[in-house]
Every structure is written in C-alpha cells, then in structure tokens.
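One-letter residues, chain by chain:
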Amino acid sequence: MTTSLNKVEGEFTQRPGGESEADSRLNAFAKERYASGGFGSQWNYHSTVFLKRQVLSRLLYQDMLYKKILDVPGVICEFGVHWGATISQLINLRGMYEPFNHSRTIFGFDTFEGFPGVDAKDGGFSESGDYSTSKGYETQLDELLTLHESFSPVSHIKKFELIKGDVNNTLPVWTKANPHAIISMAIFDMDIYAPTKFALETILPRLTKGSLLVFDELNCRHFPGETTAVMEVLGLNKLRLQRYAHQPYCAFAVYEG
Ligand SMILES: C[S@@+](CC[C@H](N)C(=O)[O-])C[C@H]1O[C@@H](n2cnc3c(N)ncnc32)[C@H](O)[C@@H]1O
C-alpha cells in the first residue's frame, strides 16, 4: 500500500510535494513580512493572511467542540499540548462563549520534550522525542497564554495551568491536588498507546454523563496506539463516535457512563 506518509522534524505529515513547496513559500513570505516591519498596529488581525485552509478547519473544529460543553460543568484537560496551538484557542473560545465561567480551568499536560517512549502497539512509526519543543518552551507558553487570557474578562483569575512531565507521573499528582475537578472535556492528543491508555483510565471517575471525549488520532494508520487504548479502556462499541467533516483523524464522543 502506498501512502504519502512523512515525518518532518519529528512531526507527522501527509502533505504532497507540491503543497510542501507552496507551504515553504508561505513560510518565507511570513518571515520576510515580519523581518521588514510586519503589519503595523493591527498586526494580529492582518496575520490571518498566512492562515491556511487546514488550520482554519481546525479552528472551526475546536469551536464546534467548545460549544458542546457549555452546559457541562467542569474543567478541560488537554493531554498533549506541544507548541500550544489548541490550548491557546481554548482560552480564546472560553473568553468568547463563557467569559465569566472562572471555574472552567484549562489544564495542559505535556513533557514538552516529545514522546518519552513508544510501545510495540504504536506500530513502529513513532519514536522517542517526536513532537519535542525547544528547551524551556513551557515558560514562554505560560506567558503567551497569560497574554491571551488578558484579552478576556476576569483575567485576574488565572484559569489555565501547564503541567510538565510524563502523564504517567503528573496525572496521579494532579488528581490528588484537584479532588474537586470534574472533567467536562478531555482532549487526547498524545498520539501514542501507553500514556493515552493511562490517562483515559485515570480520568474516568472524573467524567460526568455529558462530558466530551476528544481523540485526535483515531482510525489513523500511523498512530494505531490511540485506537488500541480506547478499545482497551472503553471499548469502541460503547462509544457513539462522531467525526467532523474537515478533520480526517479526529473523533469525539459524549460520555454516557
Ligand atoms: C501531536 S502533539 C500535541 C498537539 C497539540 N494538541 C496541538 O493541538 O497542537 C503530541 C504531544 O503529546 C506529548 N506527549 C506524548 N506522550 C506524552 C506523555 N507520556 N506525557 C506527556 N506528554 C506526552 C508530546 O510531548 C507532544 O507534545
């Protein structure tokens, strides 16, 4: 079977050659623009000229997910933060849809050093260290997320937390430190088997009927570990999995107990 599967700088991509060229050109364009003064005082508004259709699709997906938890109490946990593309938008969506819900804390779990290890059930594509960030990035991201939070009401209450480390170690500590926490939405985006299975098992008692379970790599040939983890912990036939038209590997389900 032929696939256009590729890994570039530790990240999975299925971009065809022609699109890679266009992508590089767009990147060069962005660098040139910022190097020569950017866009003036409305730089952030104008910066969307560089936003690709694929990223717009992802933002619309996140918007759709967020709207599903508005009447569900609890915090949001994102397992697998990477550079923060999703958690930053979750903070913005919270500011748009429920600016005064200061109990909707958003927790982001990541090693910030990439995959700590892989299992045979991950199928041989992934390697330790894939999806790493630059050293100390979590400190920069914390500052960045604080800025995003500052653009919405009630910003004097910090409503997000980054938890650095392997979830196998950090999640048990988190559950002990947060005995009050109900999880309204859990986003599983660690891609690989062992931590996904462990996180799923650990958070199950914190779900309520109506909590949203979100999986970023289900039914994905290159990351079989995520499907396996869901099968082993919940059972695929116990979930009404749904998909979004513009996200090939993403699936979500309302937890029904
Ligand atoms: C695909 S990236 C996450 C992408 C991110 N959700 C986004 O929307 O941009 C996968 C992340 O999972 C993290 N990860 C994998 N295994 C982990 C583990 N055992 N503990 C904590 N983080 C882990 C990696 O460090 C990596 O940053």
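Residues numbered from 1 in each chain as written. Predicted model: local features only at pLDDT ≥ 70, side-chain atom pairs only at ≥ 80, totals over all residues.

This paragraph deals with the domain arrangement of the chain. When the domains of the chain are assigned, the result is domain 1 (1-50) and domain 2 (53-254). Each of domain 1 and domain 2 has a C-alpha centre, and the two are 24 Å apart. In this assembly, four residues from domain 1 lie in contact with six residues from domain 2. (Domains from an automatic or database assignment. Contact = placed C-beta atoms within 7 Å.)

This next bit is on the site of the ligand. What surrounds the ligand is a group of 20 residues, the closest being Gly80, His82, Thr86, Tyr131 and Pro195. Looking at the shell around the ligand, the elements that each hand over two or more residues are helix 4 (85-97), strand 4 (106-110) and helix 6 (167-177). A breakdown of the residues in the shell around the ligand according to their chemical character gives ten nonpolar, six polar and four charged. (Near = placed C-beta within 6 Å. Helix = DSSP H or I, 4+ residues; strand = E, 2+ residues; numbered from the N terminus. Nonpolar A, V, L, I, M, F, W, Y, C, P; charged D, E, K, R; others polar.)

Before going further, it helps to spend a moment on the packing of helix 6 against helix 7 (residues 193-203). The N-to-C vectors of helix 6 and helix 7 enclose an angle of 10°; their axes lie 10 Å apart at closest approach. The angle between the axes of helix 6 and helix 7 places the two elements in the roughly parallel class. The segment helix 6 lies against helix 7, with Val167, Asn168, Leu171, Pro172 and Thr175 engaging Pro195, Phe198, Ala199 and Thr202. Here the residues of the contact of helix 6 with helix 7 sort into six nonpolar, three polar and no charged. (Axes fitted to C-alpha atoms, helices over the stretch in contact; angles between N-to-C directions. Parallel < 35°, antiparallel > 145°, perpendicular 65-115°, else oblique.)

Two strands pair when backbone bridges link them, and strand 4 and strand 5 (residues 160-164) are joined in this way by five bridges, in the parallel orientation. Bridge assignment links Ile106 to a residue of strand 5, and that residue is Phe160. The handedness of the strand 4 to strand 5 crossover, carried by helix 5 (residues 137-150), is right-handed. (Pairing = 2+ DSSP bridges. Right-handed = clockwise from strand over helix to strand, strands pointing away.)

With that settled, the discussion passes to the confidence of the model for the chain. On average, residues of the chain carry a pLDDT of 95, and 97% of them reach 70 or more. By mean pLDDT, the top-scoring element of the chain is strand 3 (residues 75-79) (99), and the lowest-scoring one is strand 1 (residues 6-8) (79). (pLDDT = per-residue confidence, 0-100.)

This brings us to the sheet that holds strand 7 (residues 207-215). An order of 5-4-3-6-7-8 is seen for the six strands of this open sheet, with the pairing classed as mixed. Each end of this open sheet is capped by a strand with a single partner; those strands are strand 5 and strand 8 (251-254). Shown here is a sheet whose adjacent strand axes are inclined to one another by a mean of 15°, direction ignored. Most of the contacts of helix 6 go to strand 4, to which it runs at about 150°, and overall it touches strand 3, strand 4 and strand 5.

For the rest of this paragraph, the subject is the environment of Phe160. In this structure, Phe160 sits in strand 5. Residue classification places Phe160 among the buried residues on the basis of 23 C-beta atoms within 10 Å. Taking the C-alpha atoms as reference points, Phe160 and Asp23, 137 residues apart in sequence, are found 32 Å from one another. Beyond its immediate stretch of four places on either side in the chain, Phe160 contacts Ile87, Ile91, Thr105, Ile106, Gly108, Leu145 and Glu149. (Buried ≥ 20, exposed ≤ 12 C-beta atoms within 10 Å, placed from the backbone.)

The next subject is the nonpolar core. By size, the foremost hydrophobic cluster in this structure holds 53 residues, and its most contacted members are Cys77, Met185, Ala186, Phe188, Val214 and Phe215. In this structure Val214 touches Leu65, Met185, Ala186, Ile187, Phe188 and Phe252, once residues within four positions along its chain are discounted. (Core = buried A, V, L, I, M, F, W, Y, C linked by C-beta atoms within 7 Å.)

In this section: the environment of Asp130. Structurally, the position occupied by Asp130 is in the loop between strand 4 and helix 5. Expressed as a C-alpha distance, the spacing of Asp130 and Leu51, which sit 79 residues apart in the sequence, is 24 Å. Apart from the residues lying within four places of it in its own chain, the contact partners of Asp130 are Gly10, Gly114 and Phe115.

Our next topic: the packing of helix 7 against helix 8 (residues 224-233). Packed helices, taken two at a time, are described by the angle between their axes plus the distance between the axes. The N-to-C vectors of helix 7 and helix 8 enclose an angle of 30°; their axes lie 8 Å apart at closest approach. Between helix 7 and helix 8 lies a crossing whose hand is right-handed. Listed contacts from helix 8 to Tyr193, Thr196, Lys197, Leu200 and Glu201 of helix 7 are Gly225, Glu226, Thr228, Ala229, Glu232 and Val233. Of the residues in the contact of helix 7 with helix 8, the class split is four nonpolar, three polar and four charged. (Left-handed = near helix turned anticlockwise from the far one by under 90°.)

On to unusual backbone geometry. Its identity is not glycine, yet Tyr131 carries a phi of approximately 65°, on the positive side. Its place among the elements puts Tyr131 in the loop between strand 4 and helix 5. We note that Val154 has phi near 60°; this positive angle belongs to a residue other than glycine. Position of Val154 among the secondary structure elements: in the loop between helix 5 and strand 5.

The next point concerns helix 3 (residues 53-68). Across its 16 residues, helix 3 extends 23 Å between first and last C-alpha, which sits within 8% of the 22 Å expected from 1.5 Å per residue. Looking at the buried side of helix 3, the elements it contacts are helix 4, strand 6 (183-188), strand 7 and strand 8. (Expected span 1.5 Å × (residues − 1).)

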